[in-house]
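Summary of the model geometry
One-letter residues, chain by chain:
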Protein chains: 2
Amino acid sequence: MKKQKPTIQDVADMAEVSIATVSRIINNKGNIKPHTLERVQMAMRELNFTPKTSSMLSESENRTILVCVPNLDNPFYSPVLNGIHRCAHNTNYHILILETQDRYTRSEDFEELIRNNPIAGMVILSSMPQQKILENLSFRCPTVMCSEYAENYDQVSYVSIDDSAASKKAVEYLISTGCEKIGLVNTNLSFKYARHREKGYLQTLRQRGLPVNPDWIIHLSTTDYTLAFSNITHMLSLKDRPDAIFATSDVYGVAAINAAHELGLRVPEDVSVIGFDNIDLSIMCVPTLTTIEQPCFQIGYQSCELLIEKITNHTTPSKQILLNTELIVRNSTLLPKRGNPN
Amino acid sequence: MKKQKPTIQDVADMAEVSIATVSRIINNKGNIKPHTLERVQMAMRELNFTPKTSSMLSESENRTILVCVPNLDNPFYSPVLNGIHRCAHNTNYHILILETQDRYTRSEDFEELIRNNPIAGMVILSSMPQQKILENLSFRCPTVMCSEYAENYDQVSYVSIDDSAASKKAVEYLISTGCEKIGLVNTNLSFKYARHREKGYLQTLRQRGLPVNPDWIIHLSTTDYTLAFSNITHMLSLKDRPDAIFATSDVYGVAAINAAHELGLRVPEDVSVIGFDNIDLSIMCVPTLTTIEQPCFQIGYQSCELLIEKITNHTTPSKQILLNTELIVRNSTLLPKRGNPN
């Protein structure tokens, strides 16, 4: 006998609240006490109950996916979005993009938007500073994370890379070419990718017995080129300056190359530079930038694929996918020294 | 006595159709003969009738603006979007971005999306290949064009620049430095900006009695760097090659500089290069790129301002605004020759 689908009554019974309360939660109407909300959400999860909110149209009607991107100024997102678009359009979904910046950081910031715009699901590239927000959103509609993800929370599927392993690869390569004083240019640590790349950098230096100098580590609030350029110029003007820079984005990598030139330093002879992403920018600069290639298009495509699986079948289990990265050696680094095991 | 608001009955009477037909048109239900549609739209315009579609919420509920962008790969759009976002968030509107690419070219392509996502208004940066689509969209909800606009159609407000005058400025400057064989790298002519920049280029060459050589004019289908690089490399390999390149975007400008380097040509001594946009890329390259500055942020901000005016008061008359551009001289061009009137 086929198991009967759980009803809103079942949820109300299990959570020991009225049907009206469950309905208010589903449709996000009125104030609900936090512990009531939690009890109802837990009951829904246990019963595998899929709420049908008034803003959710039936699958056939509703073919819009919302994609949350932190900042379109960062050229990394463009090829990822291309992957998402390709997958969505192959399966006849529309993509609408929300640039979250620092404006969408609380559940309430998304509420009005989601209430008025009936969406089939969400792909989130933004960092979710509080896991609670991600929980709330994924409770409202099928949700997949892309590139970013919430560590220690496997309820939501994601497609990403192993940032820590990738940055080890970059730093090991710099060491293999003879660099010993390796600086880091990173974005702010609210992003998982920034935390993991920094972890890989620090671990490698420590394992290899190389100095970790706080003066050689820069944290920037945005991917803005001008900001990066002036900060790196300052770092390279230090009396004791790094002989290599690992930049956690190609924008920072190009800023490092140009800051070195500005100071009359040669790249790579005086300062080696490795970037991250392998976007077009890395072949536009002089010298061309050694970098870590991320499979941007594939990251976007596969995360959209996971989402559509989830939209089509709400009971699909969550999946966590890490794709491979590759070191692309160009002209901003020296050649490995002979006899070096790397 | 205050003039009474026109009703749906007034529209039906004037267009000589039934109320049901007007309602079907407003709510985009069922097939309507083109000439019936036109008659009803004309009646609505004459009566200044503002339809209330079922997908349009009241102003207080509906604070989402849809922004149509042709292609997020083109870094020009990022600062324009920043301007739109700033204005929208100052006035508590949400912005959702639709990347139109070549997927949204017919009215039908927008229909399902607009029907399911109730929006307060639209800012369109994409070229509208058929004026009819723009008419249909602006009939559905308040619409403003941004950067692009439909020539000879002043029913829709826009904020843009005088592309033809800006490109004259660029070409005149190249001539003032002694260049005589000036090539053009342009995108495809479906964009108003591409047509007007080409017009300004051709007019200036003709006025100054300089050669117009079809071998020195490149049209590219996208702003892709690699595509531009290979096409420009081919042009600069010609036996009779240009001594200057006017590129209609900074991406093309950087491709021109790097293509010249690839062939062992010096910039600006052998080939001068001027770009367009003045985005960050123009200071990331070596040598830095002389370019035409567009007030990107302002173009975005003001177009969103015009839209919100229109949302708040549907009877606000359309406005056409052209903002100023400026030549920014950097290191990819020679100095003007003494005694030259420019």
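Predicted, not measured: the structure shown is a model, and the values here were computed from it.

Further remarks concern the overall build of chain A. In terms of regular secondary structure, chain A is built from 12 helices and 12 strands. Relative to its 342 residues, chain A shows a buried fraction of 47%. A separation of at least 24 residues holds for 73% of the contacts in chain A among residues at least 6 apart in sequence.

Further remarks concern the sheet that holds strand S7 (residues 217-220) of chain B. Residues and elements named next belong to chain B. In space, the six strands of this open sheet follow the order S7-S6-S8-S9-S10-S12, with mixed pairing throughout. The sheet terminates laterally at S7 and strand S12 (326-328), the two strands that pair on one side only. Taken over all neighbouring pairs, the strand axes of this sheet differ in orientation by 15° on average, direction set aside. Here three bridges tie strand S8 (residues 244-247) to strand S9 (residues 272-277), and the two strands are oriented parallel to one another. Each bridged residue has a counterpart across the sheet, and for Ala-244 the counterpart in S9 is Ser-272. On top of the sheet, helix H9 (residues 225-236) reaches strand S6 (182-187) and S7; it is set at about 160° to S7, its chief contact. Strands S6, S8, S9 and strand S10 (290-293) of the sheet are contacted by helix H10 (residues 250-262), whose axis makes an angle of about 160° with S9.

Time to look at the domain arrangement of chain A. Residue and element names in this part refer to chain A. Assigned domains of chain A: these are domain 1 (1-38), domain 2 (64-161 + 296-323) and domain 3 (163-294). If you average the C-alpha positions of domain 2 and of domain 3, the two centres end up 29 Å apart. Between domain 2 and domain 3, the contact holds 15 residues from the first and 13 residues from the second. Each residue belonging to the side of domain 2 that touches domain 3 can be placed in one class, and the counts come to eight nonpolar, four polar and three charged.

Residues and elements named next belong to chain B. With 13 residues, H10 ought to run about 18 Å at 1.5 Å a step, and its terminal C-alpha atoms sit 18 Å apart, in line with that. Counting buried residues along H10, 11 of its 13 residues qualify, which places the element largely inside the surrounding structure. Within two residues after H10, Gly-264 carries a phi angle of roughly 80°, on the positive side.

This part covers the pairing of strand S1 (residues 64-69) of chain B. All names here are of chain B. Burial runs high along S1: six of the six residues are buried. Neither face of S1 is exposed, since Thr-64, Leu-66 and Cys-68 on one face and Ile-65, Val-67 and Val-69 on the opposite face are all buried. Note that S1 and strand S2 (residues 94-99) share six bridges and pair parallel. Of the residues in S2, the one forming a bridge with Val-67 is Ile-97. As for the winding sense of the linkage, the β-α-β connection from S1 through helix H4 (residues 77-90) to S2 is right-handed. Inspection of the sheet shows S1 paired to strand S3 (residues 121-124) by four bridges, in the parallel sense.

Residues Ala-244 and Phe-246 of chain A of strand S8 (residues 244-247) of chain A are buried on one face, and the alternating residues Ile-245 and Ala-247 of chain A, pointing to the opposite face, are buried as well. In this fold, S8 of chain A hands off to helix H10 (residues 250-262) of chain A, which returns the chain to strand S9 (residues 272-277) of chain A; that crossover is right-handed.

Once chain B has been moved 0.1 Å along the axis and rotated by 180°, it coincides with chain A to within an RMSD of 0.3 Å. Look at the turn and shift together and you get a two-fold axis relating the two. Both copies share a contact surface, since 100% of the interface residues of chain B are interface residues in chain A too.

A separate point is the interface of chain B and chain A. Frequently, the measure chosen for interface size is the accessible area that the parts lose on association. Between chain B and chain A, the residue contacts involve 28 residues of the former and 28 residues of the latter. Counting residues per element, the side of chain B that touches chain A draws most heavily on S2 of chain B, at five residues. Here the residues of the side of chain B that touches chain A sort into 14 nonpolar, nine polar and five charged.

Right, let's talk about unusual backbone geometry for a bit. Residue and element names in this part refer to chain B. Pro-268 follows Val-267 through a cis peptide bond whose omega is 10°. Secondary-structure assignment places Pro-268 in the loop between H10 and S9. Here the residue pair Val-286 and Pro-287 is connected by a cis peptide bond, since its omega of -10° sits within 30 degrees of zero. Along the chain, the position of Pro-287 falls in the loop between helix H11 (281-284) and S10. Despite not being glycine, Ser-147 has its phi angle at roughly 75°, a positive value. By the element assignment, Ser-147 lies in the loop between strand S4 (143-146) and strand S5 (157-161). Using a count of 27 C-beta atoms within 10 Å as the deciding quantity, one classes Ser-147 as buried. The residue Asp-277 is not glycine, and still its phi comes out positive at about 125°. Among the secondary structure elements, Asp-277 is positioned in strand S9.

This next bit is on helix H2 (residues 19-26) of chain A. All names here are of chain A. Among all positions in H2, only Thr-21, Val-22, Ile-25 and Ile-26 are buried. One side of H2 carries all its buried residues, which in axial view fall inside an arc of 135°. Residues of H2 that are buried in the fold lie against helix H1 (8-15) and helix H3 (34-47).

Residue and element names in this part refer to chain A. Ordered by their spatial adjacency, six strands build an open sheet running S7-S6-S8-S9-S10-S12, and the pairing between neighbours is mixed. Both outer strands of the open sheet, strand S7 (217-220) and strand S12 (326-328), are each paired with one neighbouring strand and no more. On average, each strand axis in the sheet is inclined to that of its neighbour by 15°, with strand direction left out of account. The sheet contact formed by strand S10 (residues 290-293) and S12 spans three bridges and is antiparallel. Paired with Glu-293 across the strands is Glu-326, a residue of S12. Along the sheet face, helix H7 (residues 163-176) touches strand S6 (182-187), S8, S9, S10 and S12 and points at about 165° away from the line of S8. The strands touched by helix H9 (residues 225-236) within the sheet are S6 and S7, with S7 carrying the most contacts at an inclination of about 160°.

All names here are of chain B. Two numbers describe how H4 lies on helix H12 (residues 296-312): the axes approach to 6 Å, and their chain directions differ by 40°. Considering the angle they form, H4 stands oblique to H12. Seen from above, H4 lies across H12 with right-handed handedness. When H4 is examined against H12, the residues Pro-79, Val-80, Leu-81, Asn-82, Gly-83, Ile-84, Arg-86, Cys-87 and Ala-88 are found in contact with a partner set consisting of Cys-296, Phe-297, Gln-298, Ile-299, Gly-300, Tyr-301, Ser-303, Cys-304 and Glu-305. Split by residue class, the contact of H4 with H12 holds 11 nonpolar, five polar and two charged.

All names here are of chain A. Tracing the backbone through its elements, the reader meets Cys-296 in helix H12 (residues 296-312). Separated by 198 residues in the primary sequence, Cys-296 and Leu-98 have C-alpha atoms spaced 19 Å apart. Residues in contact with Cys-296, not counting those within four places in the same chain, are Phe-76, Pro-79, Val-80 and Gly-83.

Reading the values: the criteria
Residues numbered from 1 in each chain as written. Chains lettered and ligands numbered in written order. Predicted model: local features only at pLDDT ≥ 70, side-chain atom pairs only at ≥ 80, totals over all residues. Helix = DSSP H or I, 4+ residues; strand = E, 2+ residues; numbered from the N terminus. Buried ≥ 20, exposed ≤ 12 C-beta atoms within 10 Å, placed from the backbone. Contact = placed C-beta atoms within 7 Å. Pairing = 2+ DSSP bridges. Axes fitted to C-alpha atoms, helices over the stretch in contact; angles between N-to-C directions. Domains from an automatic or database assignment. Nonpolar A, V, L, I, M, F, W, Y, C, P; charged D, E, K, R; others polar. Expected span 1.5 Å × (residues − 1). Right-handed = clockwise from strand over helix to strand, strands pointing away. Least-squares fit on C-alpha atoms with pLDDT ≥ 70 in both. Arc of directions from axis to C-beta. Parallel < 35°, antiparallel > 145°, perpendicular 65-115°, else oblique. Left-handed = near helix turned anticlockwise from the far one by under 90°.

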